[in-house]
Amino acid sequence: MENPAGPDSPVRPPPSGSPAPSGDPMLTARFAVPAVPRLLVHRPELLKRMTAGVQGPLTLVNGPAGSGKTVLAAHWAAGGLAPRPPVWLTVEPGDAPGALWAYVLEALRRGGVALPAGVGRPTRAEGVTRSFLVRLAEGLAASAQPAVLVLDQFDTAQPPAAMTEGLDFVLRHAAGGLRIVLTSRTDSLLPLHRYRAAGEITEIRQADLRFTPEDAEALLAEHRLEVSQEGIRLLVERTEGWAAGIRLCALAMQHSADPETFLRQFAADRTIIADYLLKEVLDAQPPPTQDLLLRVCVTDRVHPDLADELTGRDDAARTLAGLARDNAFLERIDASAWYRLHPLFAEVLRAHLRQRRPGLEPRLHGRAARWLARTGRLTEAVLQGAAAGDWPFAAAQLVDSLAIGRLFTGLDADRLGRAFAGMPADQTGAAPALVGAACRLAERDLPGCEAGLRRADTHLGPDSGPAARLGRAFLGVLAGRLADDLTATERAAADFGRLLPELPPHLLAERPEIRALVPTALGAAELGAGHLDRAASALTSAVDACGDPRTEYPLCDALGSLALTELRRGRLRQAAARARASLAVAEQCVLPAERRTGVGHLALAGVALEQDDLAAARRHLDLATAEAGTRPEPVAAVAAAVIRAGIAAAEGDGEAALAALRALRTAGAPVRPHAWAVAELAVAESGAHLVRGDAAAALRVLDAVEAGDGVRPAHLVARARALLAAGRGEHAAQALAGLPEDDGAPVAVRARARLLQAQIAAADGDPEEARRRLGEALGLARPEELRRMFTESGPWVRRILSRDPQLARLHGWLPSRTPVRAPASTAGGRQPPVVEPLSERETEVLRKAAELLSTEEIAAELYLSPNTVKTHLKSIYRKLSVTRRSEAVHRAQDLGML
């Protein structure tokens, strides 16, 4: 029963050391606000929420051990942030309801809260009566100012139900005279839903208490530790912002010679973190719960049924829910039935399991693997099987379910690859051999992959299951691409297609990645062989097969290869669109750097070069080179070398252009001698020689190769260009006459051919033909904005346009700057002698000839007769050792005379 005083008199202070209902003296330390740590991280936002919270009846600070609940509340209480000084009471285990209420009354008294004497005080530890709660609520309601009571560690009160029911009653009936702050590891049994519905609760939970990288940096600074941003990120990631974990790591780092190395290498089970978690969390649980925690720690997440499988009991649902409610470093995953342990706690538990139950961990992994496989959780089953060292089981899960493609694409590719990294190569059976080959292939280790495929072939035969045989064909396609072997790729792709009808349609529908990876690899192989139309067809099919999140990598890959295909076909707009789409997919799915090929940037570099945007070309080429790493595919290696040489040539540096092409050979790049690659490199090299003024060398390079059908037009045009630079205009015209008139050649090749024909006509003194051919070239180049060929042709293009305003207006997309002319040379590669200097009048005639004026126009400009102009031209030819007007202009320009 309670001991009431007079109905109207306040409670008189009991003498010092007044006993609790049990007869023991009250502990003064329980009423003291805990000292705030000397090394403190200030968290102003949380403090503001605490202050705002006590404007209402209830504030709950809830989180696991070591999350900083008490430190936050103590910092707030000691900082004078409450409307009146808070009353503090630390709840302890074993506090019976009556005893705890006695402590509450004593805390209020010591905090200066005057209550009527009629409230009384509890005299029995077991509980209090309803009458006492009514009197207390009424007394608080009559207070002039609301009391603010902090109940620290409220979850330790026993039994919690009796105390929380009484506390809820007083809080609801005190008419605003009581504001309570609870810190607790568990969710209180107070009817929180009712407080939430009424907007009368402020909750600060684990997610709020977690340290941010900024908080961690501040704490490390307090410990006088200098750690990089990457180190801080790693610390917060490993601890998941757990305050005690970060503080304990900081203490350990102070005794470490290299804090950065400590953060990269520290193992939770070998630090004071382990002692803290074992004592504060594991040892606080009853033995059956400890056993459950030790068994479920082998999985990344746990379902109650899986936990029952691992323990052999049937109490996991209740136990897991209780642990999550108690914030025992286990939390429910979203609103599902699954739970997860804090990573550091799981790490400590696994070490403890190995110590207490040696040999049990692999058996638990094996049990978990089979339960996960039965319930359709393929990836987790594979990971658990691999952790158990049961390689045949783990590999069979991937092969038999057609999931071997997951080693190459999807969110689980890296995890699966790491899981099989420890699989011995001598495992027997087709499935381990196939998975081993796939792992090597994913690392671009072609010899290792081929060795694995040979082992698999010894176990495979006509009687083998269709899934295994399909997996072999699938890997054959991907390996053929890596080997740049179109024949092997096509043969494996045909096998893959023949085997598809033998597999259940529903299983194929669940594995979209293999239907996307095969045409992607086939299309890339066709591109490498120079079959552009077939490559485009296969790659378009690959893009159409993508759409599932697991196909993002092949989608990015296929779009990049398709962009390169369109670039080689001269379709710059389509190339740019495909390249940007590829890069967008890579960004959206956060594709890791090691899985990016750089082909998208490479295609954009090629587009920018042809459009004469050299800065963009160089920028994209640098990005492509960085992403491709040291092992680009042959087609990409050739394209990169050609583009790099083209940039250097456009900048007038022929030596750098040649060096870029030589680097492709000397670096041991994986380039097979495909005819298209040899011819394309020869065209690029001829252009570099022309920039150097060595037309003879350009011709030698082109004459040394035989261009196939796919590159014959480009080769013909390049040769015509070299012949024209060598002063052999007639031969250049004859070479261009062999160019097909249909649309089979890329538009860039046809446009360059028309431009060369215009230049020949201009040099021959036929301005009308020159204008006509230039108009045709511009018309072909305009849709793709092919500017580069015009800027490298010399100033004669501008001169023609300046005399034809209508044509100039039609093609305002051309750059306004003066084009850079590639220096020309004679056929021998050596400059012929100048017999004697030109006269002043001869120099004037030559200047007009360089402006592509006809003989009659020169005569009119200089007030001479046409015959006199012809005489001057003949003299010019003799003195410069040339035979034609265009040769004379080139020779004079090379000598700096013009």
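Note that this is a predicted model, so its numbers are computed, not measured. (Residues numbered from 1 in each chain as written. Predicted model: local features only at pLDDT ≥ 70, side-chain atom pairs only at ≥ 80, totals over all residues. Heavy atoms only, no water.)

**Digging into helix α1 (residues 44-53)**
Of the residues making up α1, those classed as buried are L46, L47, M50 and G53. For α1, the arc enclosing every buried residue in end-on projection is 120°, short of the 170-degree limit, so these residues lie on one face. With respect to the buried face of α1, the exposed residues turned more than 90 degrees away are E45 and K48. (Buried < 20%, exposed > 50% of the residue type's maximum accessible area, 1.4 Å probe, protein only. Helix = DSSP H or I, 4+ residues; strand = E, 2+ residues; numbered from the N terminus. Arc of directions from axis to C-beta.)

**A closer look at the layout of surface pockets**
Its volume calculated, the second largest pocket comes out at about 1,100 Å³. Forming the walls of the second largest pocket are 47 residues, and the residues nearest its centre are A65, G66, K69, D155 and R185. Where the lining of the second largest pocket is concerned, the elements lending two or more residues are α2 (69-78), α5 (160-173), β4 (178-184), α10 (243-254) and α12 (272-282). Looking at which element gives the most residues to the lining of the second largest pocket, the answer is α2, with six residues. The class makeup of the residues in the lining of the second largest pocket is 21 nonpolar, 16 polar and 10 charged. (1 Å grid on protein atoms, 1.4 Å probe; cavity = no way out; pocket = protein on both sides within 12 Å on 5 of 7 lines; lining within 4 Å. Points joined across faces, edges and corners; volume = space filled by probe spheres on them. Nonpolar A, V, L, I, M, F, W, Y, C, P; charged D, E, K, R; others polar.)

**Concerning empty space enclosed by the protein**
Tallying each qualifying case throughout the model produces nine cavities of 30 Å³ or more. The calculated volume of the second largest cavity comes to roughly 100 Å³. Forming the walls of the second largest cavity are 14 residues, and the residues nearest its centre are C556, S582, R596, T597 and G598. Those elements giving two or more residues to the lining of the second largest cavity turn out to be α28 (552-568), α29 (572-588) and α30 (599-610). Looking at the lining of the second largest cavity, the element that brings in the most residues is α28, giving four residues. Considering only residue class, the lining of the second largest cavity consists of five nonpolar, five polar and four charged.

**Structural notes on helix α38 (residues 747-763)**
With 17 residues, α38 extends 24 Å from end C-alpha to end C-alpha; this agrees with the ideal 24 Å at 1.5 Å per step. Buried residues dominate α38, accounting for 17 of its 17 residues. Phi turns positive, to about 75°, at G765, one or two residues after α38. (Expected span 1.5 Å × (residues − 1).)

**Looking at the sheet that holds β4**
With parallel pairing, five strands are arranged side by side in an open sheet as β2-β3-β4-β1-β5. Each edge of the sheet is formed by a strand with only one pairing partner; in this case those strands are β2 (87-90) and β5 (201-204). Going from strand to strand, the sheet's axes swing by 15° on average, the running direction of each strand aside. Bridge analysis of strand β1 (residues 58-62) against β4 gives five bridges, and the strand direction is parallel. Looking across to β4, one finds that N62 is bridged to S184. The strands that helix α3 (residues 97-110) touches are β2 and β3 (147-152); relative to β2, the one it contacts most, it runs at about 150°. (Pairing = 2+ DSSP bridges. Axes fitted to C-alpha atoms, helices over the stretch in contact; angles between N-to-C directions. Contact = heavy atoms within 4.5 Å.)

**What about the confidence of the model for the protein?**
Keep in mind that low pLDDT regions are not for reading the predicted coordinates in detail. Taken as a whole, the protein shows an average pLDDT of 87; of its residues, 92% reach a score of 70 or greater. pLDDT under 50 marks residues 1-17. Its contacts with residues more than four places away, or in other chains, come to 39 contacts. Within the model, pLDDT remains below 50 along residues 817-830, and this stretch shows 46 contacts once partners closer than five positions in the same chain are excluded. (pLDDT = per-residue confidence, 0-100.)

**What to know about the side chain of D152**
By the element assignment, D152 lies in strand β3. No salt bridge is formed by the buried D152; the nearest opposite charge belongs to K69, separated by 7.2 Å. Polar side-chain contacts of D152 include one of 2.8 Å to the side chain of T70. Of the polar contacts made by the side chain of D152, one reaches the side chain of T183; its length is 2.4 Å. Those residues in contact with D152 that lie beyond four places of it in its chain are T70, W88, L89, T90, V91 and T183. (Lys, Arg positive; Asp, Glu negative; His and termini not counted. Salt bridge = Lys/Arg side-chain N within 4 Å of Asp/Glu carboxyl O. Polar contact = N/O pair within 3.5 Å; in protein donor to acceptor, adjacent residues only side chain to side chain.)

**Looking at the nonpolar core**
Membership of the largest hydrophobic core comes to 71 residues, with the highest contact counts inside it found for L564, L602, L755, L774, L778 and F790. For this core, the leading source of residues is helix α32 (residues 634-650), giving 13 residues. With residues up to four places along the chain from it excluded, the contact list for L778 reads F790, L801, L807, H811, W813 and L814. Within the second largest apolar cluster, 70 residues are counted, among which are A419, L460, L507 and V543. (Core = buried A, V, L, I, M, F, W, Y, C linked by side-chain atoms within 4.5 Å.)

**Some details on the pairing of β1**
Across the five residues of β1, five count as buried, placing the element largely inside the fold. Residues L58, L60 and N62 line one face of β1 and the alternating positions T59 and V61 line the opposite face, and both faces are buried. Summarising the sheet, β1 and β5 pair through four bridges and their orientation is parallel. The residue bridging T59 from the neighbouring strand is T202, located in β5.

**Side note on unusual backbone geometry**
A positive phi angle is found at F329, which is not glycine, with a value near 60°. Position of F329 relative to the elements: it lies in the loop between α15 (316-325) and β6 (330-332). According to the relative accessible area criterion, F329 is buried, its value standing at 6%. In this model, R444 sits at a positive phi of 60°, which is unusual for a non-glycine residue. With relative accessibility at 31%, the residue R444 sits in the partly exposed group.

**With respect to the pattern of salt bridges**
A full pass over the atoms with the stated rule returns 58 salt bridges. Of the charged contacts, one joins R415 and D300 as a salt bridge, the two residues approaching to 3.5 Å between their closest N and O atoms. Separated by 115 residues along the polypeptide, R415 in helix α20 (residues 413-419) and D300 in the loop between α13 (287-296) and α14 (304-311) bring together distant segments of the chain. On the basis of relative accessible area, R415 is assigned to the partly exposed category, the value being 30%. Looking at D300, the relative accessible area reads 59%, which means it is exposed. One salt bridge connects E566 with R571, and the closest N-O pair in it is separated by 3.8 Å. By relative accessible area, E566 is classed as buried at 9%.

**Considering the side chain of R481**
As for its placement among the helices and strands, R481 is situated in helix α23 (residues 466-482). When neighbours within four sequence positions are excluded, R481 is seen to be in contact with T489, T520, A521, A524, D557, S561 and E633.

**With respect to the packing of helix α36 (residues 712-725) against helix α37 (residues 729-737)**
Running from N to C, α36 and α37 point in directions that differ by 170°, and their axes come no closer than 7 Å. Comparing the axis directions of α36 and α37 gives the class roughly antiparallel. Residues L716, V717, A720, L723 and L724 of α36 form the contact with α37, whose participating residues are G729, H731, A732, A735 and L736. Of the residues assigned to the contact of α36 with α37, the class counts are eight nonpolar, two polar and no charged. (Parallel < 35°, antiparallel > 145°, perpendicular 65-115°, else oblique.)

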